[in-house]
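Structural characterization, general
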Amino acid sequence: MTPTDICNQALDILKEAEITSLENDNRPIVRWMKRNFDTSRDSLLSRYDWNFALHRVSLAADTVAPAFGWRHAFTVPHDCLRVLPVTACGKSEGTPIRHEVEGSRILTDAQGPLKVRYVRRTEDYDRYPAAFVEALAAYIAMKCGHWVTGKVSYVQVAQGLYREAIDAAWRIDAIEGTSPRAADDDWVAQR
């Protein structure tokens, strides 16, 4: 799977001719897709907690503390698109740690190491689940549909396919793993 393959699926939705390469084709639609593909991919990745795009790290505190308001800062990895809620144990059902994300840093009074889960930029297209590829292709078709075809009906078709693909992808993604529950240690600590 390549970005060109995903763009061709978007063009299929719009009933447009396929492209051979995002790099070697100078047609206006190819230039549009080349300009917008990475942003569209990252936007869709950051909207949901896609299992294939989740990553976890243990971050050491930065040597320079925030100027005010918080005691510690932690720089997130360069591939971080969105930080998930930070908890003491690093798990989604753990005790929340007060924090805020500012730029590429997490600011908090908690000391390190900080266990962080995040949605990361994933460019290994062969690891994309088919349901995500369908959602991304429909999202791209929805964004460029009117520009390419000049017809609102094609945009509406793409929007419908996007909603269906997102619903299906999210249901498939949600059934992987066990359901979260309150951590026993957190419940005991509250008593």
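Each value, and the rule that gives it
- Residues numbered from 1 in each chain as written.
- Predicted model: local features only at pLDDT ≥ 70, side-chain atom pairs only at ≥ 80, totals over all residues.
- Heavy atoms only, no water.
- Helix = DSSP H or I, 4+ residues; strand = E, 2+ residues; numbered from the N terminus.
- Rg over C-alpha atoms; globule rule 2.2 N^0.38 Å.
- Contact = heavy atoms within 4.5 Å.
- Lys, Arg positive; Asp, Glu negative; His and termini not counted.
- Charge placed at Lys NZ, Arg CZ, Asp CG, Glu CD.
- Pairing = 2+ DSSP bridges.
- Axes fitted to C-alpha atoms, helices over the stretch in contact; angles between N-to-C directions.

1. A short note on the overall build of the chain
Helix and strand content of the chain: five helices and six strands. Secondary structure elements of the chain occur, N-terminal to C-terminal, as α-α-β-β-β-β-β-β-α-α-α. Relative to a compact globule of 191 residues, whose C-alpha radius of gyration would be 16 Å, the chain shows 20 Å and is clearly more extended. Across its three principal axes, the chain shows a C-alpha extent of roughly 60 × 35 × 30 Å. In the chain, 70% of the contacts between residues at least 6 apart in sequence involve partners at least 24 apart. Separation between the mean location of the 24 positive side-chain charges and that of the 26 negative ones in the chain comes to 3 Å.

2. A closer look at the pairing of strand S4 (residues 99-102)
Judged from the four bridges that link them, S4 and strand S5 (residues 105-108) form a sheet pairing that is antiparallel. Bridging from a neighbouring strand, Glu102 pairs with Arg105 of S5. Between S4 and S5, which pair antiparallel and follow one another directly, the connecting turn spans two residues, one of which, Gly103, has a positive phi of 65°.

3. Thoughts on unusual backbone geometry
In this structure, Pro113 follows Gly112 across a cis peptide bond, with omega equal to -5°. Note that Pro113 resides in the loop between S5 and strand S6 (114-120). Residue Lys15 is not a glycine yet carries a positive backbone phi of 60°.

4. With respect to the sheet that holds S6
Read across the open sheet, the three strands follow the order S1-S6-S3; overall the sheet is antiparallel. The strands lining the two open edges of the sheet, one partner per strand, are strand S1 (54-59) and strand S3 (80-83). Ignoring strand direction, the axes of neighbouring strands in this sheet form an average angle of 45°. Here S1 runs beside S6; their pairing, made up of six bridges, is antiparallel. Paired with His55 across the strands is Tyr118, a residue of S6. The sheet contacts of helix H2 (residues 28-47) involve S3 and S6, and relative to S3 the element is tilted by about 25°.

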